[in-house]
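For reference, the chains in residue letters:
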Amino acid sequence: MTYHDVIAFWFHEIDSKQWWIKDVQFDSVIRKRFGDLHKKANANELFAWRDNALGSLAEIIVLDQFSRHMYRDTALAFASDALALALSQQAIAKGFDQALPQNQRGFMYLPFMHSESSVIHATALELYESLGNPENIAFELKHKAIIDRFGRYPHRNAILGRQTTQEEHAFLTQPDSSF
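Here the structure is a predicted model, which is why all the values come from computation and not from measurement. (Residues numbered from 1 in each chain as written. Predicted model: local features only at pLDDT ≥ 70, side-chain atom pairs only at ≥ 80, totals over all residues. Heavy atoms only, no water.)

K.L.:
An account of the domain arrangement of the protein is requested, with residue identities and associated values reported.
P.N.:
A common way to express how large an interface is: the accessible area buried when the components associate. When the domains of the protein are assigned, the result is domain 1 (1–114) and domain 2 (118–178). Distance from the C-alpha centre of domain 1 to the C-alpha centre of domain 2: 20 Å. With 17 residues of domain 1 in contact, the opposing surface of domain 2 contributes 18 residues. Summed over both sides, the interface between domain 1 and domain 2 buries roughly 1,500 Å², with carbon and sulfur atoms accounting for 69% of that surface. (Domains from an automatic or database assignment. Contact = heavy atoms within 4.5 Å. Buried area = accessible area lost by both parts, 1.4 Å probe.)

K.L.:
Summarise the side chain of Arg105; cite the residues concerned and give the values.
P.N.:
Looking at the secondary structure, you find Arg105 in helix α5 (residues 102–114). The buried charged residue Arg105 lacks any salt bridge partner; its closest oppositely charged side chain belongs to Asp97, at an N-O distance of 4.7 Å. Leaving out residues up to four positions away in the same chain, Arg105 has contacts with Asp97, Gln98, Leu100, Ser130 and Leu131. (Helix = DSSP H or I, 4+ residues; strand = E, 2+ residues; numbered from the N terminus. Buried < 20%, exposed > 50% of the residue type's maximum accessible area, 1.4 Å probe, protein only. Lys, Arg positive; Asp, Glu negative; His and termini not counted. Salt bridge = Lys/Arg side-chain N within 4 Å of Asp/Glu carboxyl O.)

K.L.:
Give a detailed account of the packing of helix α6 (residues 118–131) against helix α7 (residues 134–150), specifying residues and quantitative values.
P.N.:
One can describe the packing of α6 onto α7 by two numbers: an axis separation of 9 Å at closest approach and a directional angle of 170°. Put simply, α6 runs roughly antiparallel to α7. Where α6 approaches α7, its residues Ser118, His121, Ala122, Ala124, Leu125, Tyr128, Glu129 and Leu131 are matched on the opposing element by Asn136, Ile137, Glu140, Leu141, His143, Lys144, Ile147 and Asp148. Its residues placed into classes, the contact of α6 with α7 shows 8 nonpolar, 4 polar and 4 charged. (Axes fitted to C-alpha atoms, helices over the stretch in contact; angles between N-to-C directions. Parallel < 35°, antiparallel > 145°, perpendicular 65-115°, else oblique. Nonpolar A, V, L, I, M, F, W, Y, C, P; charged D, E, K, R; others polar.)

K.L.:
Can you lay out the packing of helix α1 (residues 3–13) against helix α3 (residues 53–70) for me, pointing to particular residues and giving the numbers?
P.N.:
The axes of two packed helices give the description: the angle between them and the distance between them. Relative to each other, α1 and α3 sit at 60°, their axes nearing to 9 Å. Regarding the angle of α1 to α3, the classification is oblique. Where α1 crosses over α3, the two elements pack in a sense that is left-handed. When α1 is examined against α3, the residues Tyr3, Val6, Ile7, Phe9, Trp10 and Phe11 are found in contact with a partner set consisting of Leu54, Gly55, Leu57, Ala58, Ile61, Val62, Gln65, Phe66 and His69. Residue composition of the contact of α1 with α3, grouped by class: 12 nonpolar, 3 polar and no charged. (Left-handed = near helix turned anticlockwise from the far one by under 90°.)

K.L.:
Account for the side chain of Glu168, with residues named and values stated.
P.N.:
Along the polypeptide, Glu168 turns up in helix α9 (residues 166–172). Of the polar contacts made by the side chain of Glu168, one reaches the side chain of Arg152; its length is 2.7 Å. Polar side-chain contacts of Glu168 include one of 2.9 Å to the backbone nitrogen of Thr165. Not counting residues up to four positions away in its chain, the partners in contact with Glu168 are Phe150, Arg152, Pro154, Asn157 and Gln163. (Polar contact = N/O pair within 3.5 Å; in protein donor to acceptor, adjacent residues only side chain to side chain.)

K.L.:
Please give an account of the packing of aromatic side chains that cites residues and values.
P.N.:
Within the structure shown, the criterion is met by 17 aromatic pairs. Ring geometry for Phe9 versus Trp10: centroids 6.5 Å apart, planes at 35°, classification tilted. Taking relative accessible area as the criterion, Phe9 reaches 2% and is therefore assigned buried. Joined through ring pairs, the aromatic side chains of Phe9, Trp10, Phe11, Trp19, Trp20, Phe26, Phe34, Phe66 and Phe107 make up one cluster. (Phe/Tyr/Trp six-rings, centres within 6.5 Å; stacked < 30°, edge-to-face > 60°.)

K.L.:
Describe unusual backbone geometry, listing the residues and the values that go with them.
P.N.:
Despite not being glycine, Asn44 has its phi angle at roughly 60°, a positive value. Mapped onto the fold, Asn44 is located in the loop between α2 (24–42) and α3.

In structure tokens form, the structure reads like this:
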């Protein structure tokens, strides 16, 4: 399997609506088709992909997006986040993001949005503002507000075995408190 297979699947074979919805069947497709590749990515065995923009993006998608589908509602959904963020930072430092179309650049930036660091979110906001897509900016602002307020995503607490504070509990009862 090559990075072209990941890019073709994510951007051409599936409907973009599948990126954001909870669908057990779709999650299963990703698990079956890309499970072995995901293991290789976590073992840093896809390092050759990092020589170009599309390869870097594909590895980031495997670690950031496929993890969330393959391991939905478990701690493993977030276990690859640090590696995905580091790879995104490296790709951006190389200027690879600028070689991608806007919708693909947005996926290169997602590990920043998924971070639980306010410092990283300051950069995320700059990156999404550079895209000029008001929807992406608004979504990042929602994420950033949660991190600025709590220093973490409270909706992850139960999955990650963290104690939820009373303030977080009250927040979680509100609409749009989780993603």
